[in-house]
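Listed below are the residues making up each chain.
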Amino acid sequence: MAHLKFSRRCLREGLRMGGMATLITGEPGVGKTFLIDCIVKPSLGNRSANVYSFLTGQTPFNKEMVGSEVHVIDDGNPFNDRDARRQFTNAIKQSVASAGIYCHAKGLDGVTLPLYRRLFVVTNTDSLDAMPEMEQSLMDKVFLFKANKFKMPDGLMPLPPLNDTKKVKTFQAKLAEEMPYFLWRVDNYEVPEEIQTERFGLKAYKNPELWKELEVIGPGYEVHYLVQTALFSPRMFSKNLERRRDGFVEVELNALYDLVLADRAVSERAKGLFRNARALGNALGHVGRFRRYYRRRKSHGQVLWSVKADSTVARVTETAGESPESPESHPRKPQCRSYENAVG
């Protein structure tokens, strides 16, 4: 309600700028697309554009975006490599925070324009890897909601089955009839002070359950899993590494890269994530809450990484590092579709 109020106010006042993105996920048939088409669009000018191809870099042309206030990605394809997902994440940040958007119609020169826009990304719960990476710089720019099945209160028109066209049209007509009253309530809604912020107007709510699931398929854990699996499986550890008293092993960056690629269990996925040793080093510098397992130093022109075994990761031998922690302390193997396809 508060996000819709701020978005409508910006539109009325002619503030040509982006606003916080809204990410919605839920089981099929709970009304995610219906919400966008029948509530959001009529509330924000009733013009929308599918921006999936442009934001994922599949096309440089985006004429449709220029004339639309509501930018939508509905059931976009999951990403098969980190570069594509990271590009998508950066495009979302630009859509939210940039003063202008580069607009390019086919056959014409591109131009940067100040555009009013609000982005909505809708996915099913089994396609979470179609969501952007939840990195720190994105945290204040997106809402993360989970859509659930619900029943209309007694006395109100029930939700129509989607396969009954007549009932759907009747419901939509009734909804359109009630929209002026709903929008009056939106425009007069008193936003609680505790959820207001200066930069984007509102605090960025994240559904806790979804947040945990996205964290598991995030780049930090995936990098952590690949390195831990390659270094500390019983076979790799016994042949290549010597553990210090503090539980860490130290490996030169290029040698570490070679070890990750040498483990057939993770090599294919690692090649997709890390083009070279430098890319691996950069990724290790952004492992988030797993930072305590990694230390970096330079010596005689070499980059050395000290790595400590995390025995909560599958295939890591307990003799290579610390004692196991509780099962809840870390997620296990990343359960995203693209990961499963790559690692098998």
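Structure report, in brief. Everything numeric here is computed off the predicted structure, so don't read it as measured data. (Residues numbered from 1 in each chain as written. Predicted model: local features only at pLDDT ≥ 70, side-chain atom pairs only at ≥ 80, totals over all residues. Heavy atoms only, no water.)

Observations concerning the packing of helix H2 (residues 32-43) against helix H6 (residues 165-187)
Inference 1: Interhelical geometry of H2 versus H6 gives an angle of 40 degrees and a closest axis separation of 10 Å. Here H2 is positioned oblique relative to H6, judged by the angle of their axes. The two elements H2 and H6 meet at a crossing, and its hand is right-handed. Residue-level contacts link Phe 34, Cys 38, Ile 39, Pro 42 and Ser 43 of H2 to Phe 171, Gln 172, Leu 175, Met 179, Phe 182 and Leu 183 of H6.
Inference 2: Across the contact of H2 with H6, the residue classes break down as 9 nonpolar, 2 polar and no charged. (Axes fitted to C-alpha atoms, helices over the stretch in contact; angles between N-to-C directions. Helix = DSSP H or I, 4+ residues; strand = E, 2+ residues; numbered from the N terminus. Parallel < 35°, antiparallel > 145°, perpendicular 65-115°, else oblique. Left-handed = near helix turned anticlockwise from the far one by under 90°. Contact = heavy atoms within 4.5 Å. Nonpolar A, V, L, I, M, F, W, Y, C, P; charged D, E, K, R; others polar.)

Some remarks on the sheet that holds strand S2 (residues 48-50)
Inference 1: If you trace the 5 strands from one edge of the open sheet to the other, you get S2-S3-S6-S1-S7, paired in parallel fashion. Each end of this open sheet is capped by a strand with a single partner; those strands are S2 and strand S7 (142-147). For this sheet the average axis-to-axis angle between neighbouring strands, irrespective of direction, equals 20 degrees.
Inference 2: Where S2 and strand S3 (residues 70-74) come together, 3 bridges link them in parallel fashion. By the bridge assignment for S3, Ser 48 is matched with Val 70.
Inference 3: Contacts from H2 reach strand S1 (21-26), S2, S3, strand S6 (118-124) and S7 within the one sheet, and its direction differs from that of S6 by about 160 degrees. (Pairing = 2+ DSSP bridges.)

Quick notes on the layout of surface pockets
Inference 1: Put simply, the largest pocket is a space of about 1,500 Å³.
Inference 2: Lining the largest pocket are 48 residues, with Gly 31, Phe 34, Leu 35, Ile 39 and Phe 150 sitting closest to its centre.
Inference 3: Its residues assigned to classes, the lining of the largest pocket shows 31 nonpolar, 7 polar and 10 charged. (1 Å grid on protein atoms, 1.4 Å probe; cavity = no way out; pocket = protein on both sides within 12 Å on 5 of 7 lines; lining within 4 Å. Points joined across faces, edges and corners; volume = space filled by probe spheres on them.)

Description of the packing of aromatic side chains
Inference 1: Applying the stated rule across the entire model yields 3 aromatic pairs.
Inference 2: Seen from their ring centres, Phe 34 and Phe 171 are 5.6 Å apart, and the 50 degrees between their planes marks the pair as tilted. With Phe 34 in helix H2 and Phe 171 in helix H6, this pair connects stretches of sequence that are 137 residues apart.
Inference 3: The exposure class of Phe 34 is partly exposed, given its relative accessible area of 23%.
Inference 4: You can call Phe 171 buried: its relative accessible area is 7%.
Inference 5: Consider the rings of Phe 145 and Tyr 205, whose centres lie 5.5 Å apart with planes at 25 degrees: the pair is stacked. Residue Phe 145 is found in strand S7, and its partner Tyr 205 is found in the loop between H6 and helix H7 (208-216); the two are separated by 60 residues along the sequence.
Inference 6: Here Tyr 205 falls in the partly exposed class, since its relative accessible area comes to 40%.
Inference 7: Aromatic rings pair up to connect Phe 143, Phe 145 and Tyr 205 into one cluster.
Inference 8: Stacked on the ring of Phe 248, the Lys or Arg Arg 295 has its end atom at 3.9 Å from the ring centre. (Phe/Tyr/Trp six-rings, centres within 6.5 Å; stacked < 30°, edge-to-face > 60°. Buried < 20%, exposed > 50% of the residue type's maximum accessible area, 1.4 Å probe, protein only. Lys NZ or Arg CZ within 6 Å of the ring centre and 35° of its normal.)

Structural notes on the sheet that holds strand S8 (residues 248-252)
Inference 1: Strand order in the open sheet formed by 3 strands is S8-S10-S9, with antiparallel pairing between adjacent strands. In this open sheet, the two edge strands, each paired with only one partner strand, are S8 and strand S9 (294-299). Ignoring which end each strand starts from, the neighbouring axes of this sheet average 25 degrees apart.
Inference 2: Note: S9 against strand S10 (residues 302-308), 6 bridges, orientation antiparallel. Bridging from a neighbouring strand, Arg 296 pairs with Trp 305 of S10.
Inference 3: Against the sheet, helix H10 (residues 253-262) contacts S8 and S10, and its axis sits at roughly 100 degrees relative to S8.

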